[in-house]
Amino acid sequence: MSPQAFSTLFLFAVAVTLLVKLTLMVRQFRHVRAHRDRVPSPFAETISADAHRKAADYTCARMRLAMTDVLAGAIFAVALTCGGLLLAIHHGLGKLLEAGSLAHGVALLAALGILSWLVELPFSLYRTFVIEKRFGFNRMTAALYAADAAREAALAAIIGLPVLAAVLWLMRAMGANWWLWVWLFWLAFNLLALFIWPTFIAPLFNKFTPLADETLKTRVENLLTRCGFRSRGLFVMDGSRRSAHGNAYFTGFGAAKRIVFFDTLLDKLSVEEVEAVLAHELGHFHHRHIWKRLAVLAAMTLTMLWLLGWLMTQPWFFAGLGVAPDAADTATALALFAIALPFFTFPVGPLMSHWSRVHEFQADAYAARQTRADDLAHALVKLYRDNASTLTPDPLYSQFFDSHPPAALRLARLLQTQ
Ligand SMILES: [Zn+2]
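These remarks concern the structure in this document. By convention here, each chain's residues receive numbers from 1 onward along its written sequence. The predicted nature of this model means local features are confined to residues of pLDDT at least 70 and side-chain atom pairs, given and counted, to a pLDDT of 80 or more, with totals for whole chains, interfaces and linings taken over all residues. Note that water and hydrogens are dropped before the side-chain values are worked out from all heavy atoms of the structure.

## As for helix H12 (residues 330–345)
Residues spaced three or four apart along an α-helix point in a common direction, a consequence of the helix completing one turn every 3.6 residues.
At step 1: Elements are defined by DSSP. Helices are runs of H or I of four residues or more, strands are runs of E of two residues or more, and each kind is numbered from the N terminus. One fewer than the residue count of a helix, multiplied by 1.5 Å, yields its expected span. End to end, H12 covers 22 Å across 16 residues, agreeing with the expected 22 Å (1.5 Å per residue, within 8%).
At step 2: When accessible area is computed with a 1.4 Å probe and restricted to protein chains, residues below 20% of their type maximum are described as buried, those above 50% as exposed, and intermediate ones as partly exposed. Of all the residues in H12, the buried ones are Thr330, Ala331, Thr332, Ala333, Leu334, Ala335, Leu336, Phe337, Ile339, Ala340 and Phe343.

## Remarks on the pattern of salt bridges
At step 1: Basic side-chain nitrogens of Lys or Arg form a salt bridge, by our definition, when they fall within 4 Å of a carboxyl oxygen of Asp or Glu. Counted under the stated rule, the structure contains 17 salt bridges.
At step 2: The partner of Arg226 in a salt bridge is Glu275, and the shortest N-O contact between them spans 3.6 Å. Within this pair, whereas Arg226 is found in helix H7 (residues 214–226), its partner Glu275 is found in helix H9 (residues 271–286), the two being separated by 49 residues in sequence.
At step 3: A residue is classified by how much of its surface remains accessible, and Arg226, at 45% relative accessible area, is partly exposed.
At step 4: Residue Glu275 is classed as buried on the basis of its relative accessible area of 6%.
At step 5: Two residues, Arg385 and Asp386, come together in a salt bridge whose shortest N-O distance is 3.1 Å.
At step 6: Taken together, the salt bridges that share partners define one network made up of Arg36, Asp37, Asp50, Arg53 and Asp57.

## Let's talk about the environment of Arg172
At step 1: Residue placement: Arg172 occurs in helix H5 (residues 142–173).
At step 2: Residues Arg172 and Leu24, 148 residues apart in the sequence, show an inter-C-alpha distance of 42 Å.
At step 3: Pairs of residues are marked as contacts when any of their non-hydrogen atoms sit within 4.5 Å. In contact with Arg172, other than residues within four places in its own chain, are Gly100, Ser101, Leu102 and Thr330.

## Comments concerning the pairing of strand E4 (residues 258–262)
At step 1: With respect to burial, E4 is a largely interior element, five of its five residues being buried.
At step 2: Taking every second residue as pointing to the same face, both faces of E4 are buried, with Arg258, Val260 and Phe262 on one and Ile259 and Phe261 on the other.
At step 3: For two strands to pair, DSSP has to find at least two bridges joining them. Direction of pairing for strand E2 (residues 234–237) relative to E4: parallel, over a ladder of four bridges. Counted as the bridge partner of Phe235 is Val260 from E4.

This is the structure:
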């Protein structure tokens, strides 16, 4: 392939991705706005007209920001590649560090990370301090936002930089089969992260206190025994420090497994409803959804690394993405691959969303068997209402992007199982 042909192919992929995503987002925006004034019939008794309008306005505000974000991301990717920005950074860092050295490579990838963070920053600030605030969800102060950013930067430096250095070293030292070694390293790192995240990283950002409510504790422990599930404790997380959105989740695996409730969830739901939500989460564990996802992710990563191994030997890959031969090294290849890949793999997104929705239905069905379908249905309606999630998504948008089935479908399926 010639560099020009690959450039054209890349720009075509960017244009198609952008066109498809923006079209779907505009559809979602219009669909939600068109259904703003009428609560859909299954929810007519449980959701007020005001709450429904708020959900529509919230969804539209987020959609408008997401469209700008998608556009900015595409412009940034083209600027880095065809615009020559990555090449300029490579040359700039070459004045400080020996070009092609390990230190130069790590610095290049770190610079790319910082730049991406800066591009994303205004969107994150606007989301938190304008949209979330306007709809009454934000509890974050500017000081807490800055403290979070500082902690994330420190973590990225302490963990991220050595990981990048190790990957670049493996890519150079392990010969033609480096991709297999990097994959094994990636796998080991991910498993390790699953172990250390709940006990070492998450407490840096939130406070976890053992669940104190005795009634709930007894019910939850009974449910766990019934489902044959063992965990290393039930915790309540101070999610209300940052946001009014509620949630429950599991972290870790094996002996490090723990169940975490957001305090905001416990405030909103009755004991029976919390139990049903937890049973849904147990359903994900029962069906081994986490392991299945991890296995698919591992297979995809292996394929991608193998592909990168081949692309790195092709001069058109570098030249087509705006990098001159003198800058065509392992770090640049990794950077270009990370920038360009999402535009070629975006059709995978709807497949993954579909798979995720299948899992949600399975978890709901499990919860309906272990607790009462009614309780889960009530809990979901409350969560949709309190999180201002739209009840009327555009069907096509939802099929493409949504990891959870639309509210009406989920409830209809649940109430059928009764
Ligand atoms: Zn779920």
